[in-house]
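# Summary of structural features
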Amino acid sequence: MTWDDEDLLRKSPNLERILIPSLDIQQRVRQLANEVSRDYADTVPVLVNILKGAFVFLADLTRCLTIPHEVDFMAISSYHGGTQTTGVVKIEKDLKTNITGRDVLVVEDIVDTGLTINYLLDMLQTRAPRSLRICTLLDKPHARRKEIPLAYTGFEIPNEFVIGYGLDYDEKYRNLPFIGVMKS
Ligand code: PRP
């Protein structure tokens with residue numbers, strides 16, 4: 001599927017510019033899927049999707065994988081201390097899959113401070129998966145507060161507020177096929 005990114009940008013007056021065009025995303029997702037398909041060729045991994053932001057990435061990634069795999073979903077909410085995220089998350093919807101002994105690949109849209117994924121990794125680790133790794137579309141290293149090992153990264157991005165391809169501003173813009181930057 002192809003989109004006219006510039007036309008969509010023109011129709012979104014609150015957006016400043018496109019950071020990652022849709023074609024670049026589609027190409028990179030295919031590359032990541034090839035790497036994952038190669039690395040997990042001897043097993044049937046469980047792809048764990050953290051709602052909501054990562055649903056678009058997972059939908060594209062899963063259709064490019066050439067190996068048998070399962071998908072499952074978790075929904076979480078973050079506790080905030082003042083305006084800052086504390087990294088403590090509450091599970092709103094848990095996995096249906098028993099991941100004990102399984103190869104688990106957590107699929108995220110963005111790792112920012114790293115606090116959310118750090119908390120989730122600790123929690124999932126208590127369920128004794130055989131392996132537990134992360135695949136993130138976006139990595140914003142400048143905001144990092146916890147060192148997180150990222151097995152697969154789509155793009156490293158600058159410290160800007162981005163939307164599109166699953167990421168929202170006030171629940172809007174998740175549908176955009178590109179990653180864009182909001183006007184400030
Ligand atoms: C985003 C994203 C990650 C988290 C990353 O979720 O999907 O889960 O923030 O931030 P961190 O590295 O600073 O912890 P968000 O809370 O925006 O919810 P959403 O996915 O439902 O939009």
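Look a little higher up for the structure.
This structure is a prediction, so every number in the text was calculated from the model and none was measured. (Residues numbered from 1 in each chain as written. Predicted model: local features only at pLDDT ≥ 70, side-chain atom pairs only at ≥ 80, totals over all residues. Heavy atoms only, no water.)

## Overview of the site of the ligand
Near the ligand there are 14 residues, and of these Glu108, Asp109, Thr113, Gly114 and Thr116 occur at the shortest range. In the model, an oxygen atom of the ligand is placed 2.6 Å from a nitrogen or oxygen of the Asp109 side chain. Compared with its free state, where it exposes 510 Å², the ligand has 74% of that area covered by protein. At the level of elements, β5 (103-111) and α4 (115-125) are the ones that each hand at least two residues to the shell around the ligand. It is β5 that provides the largest number of residues to the shell around the ligand, a total of 4 residues. By residue class, the composition of the shell around the ligand is 4 nonpolar, 4 polar and 6 charged. (Near = heavy atom within 4 Å. Polar contact = N/O pair within 3.5 Å; in protein donor to acceptor, adjacent residues only side chain to side chain. Areas by Shrake-Rupley, 256 points an atom, 1.4 Å probe, with all protein chains shown as cover. Helix = DSSP H or I, 4+ residues; strand = E, 2+ residues; numbered from the N terminus. Nonpolar A, V, L, I, M, F, W, Y, C, P; charged D, E, K, R; others polar.)

## What to know about the pattern of salt bridges
Evaluation of the coordinates by the stated rule reveals 14 salt bridges. Taken together, the shared-partner salt bridges connect Lys52, Asp168, Glu171 and Arg174 into one network. (Salt bridge = Lys/Arg side-chain N within 4 Å of Asp/Glu carboxyl O.)

## What to know about the sheet that holds strand β8 (residues 162-163)
Taken together, the 3 strands give an open sheet; going across it, the order is β1-β9-β8, and neighbouring strands pair in antiparallel fashion. Of all strands in the sheet, those bounded by a partner on one side alone are β1 (15-20) and β8. Sheet topology note: the β1/strand β9 (residues 179-182) ladder contains 4 bridges and is antiparallel. Bridge assignment links Ile20 to a residue of β9, and that residue is Ile179. (Pairing = 2+ DSSP bridges.)

From the geometry alone we can't say anything about function, so treat these as descriptive.
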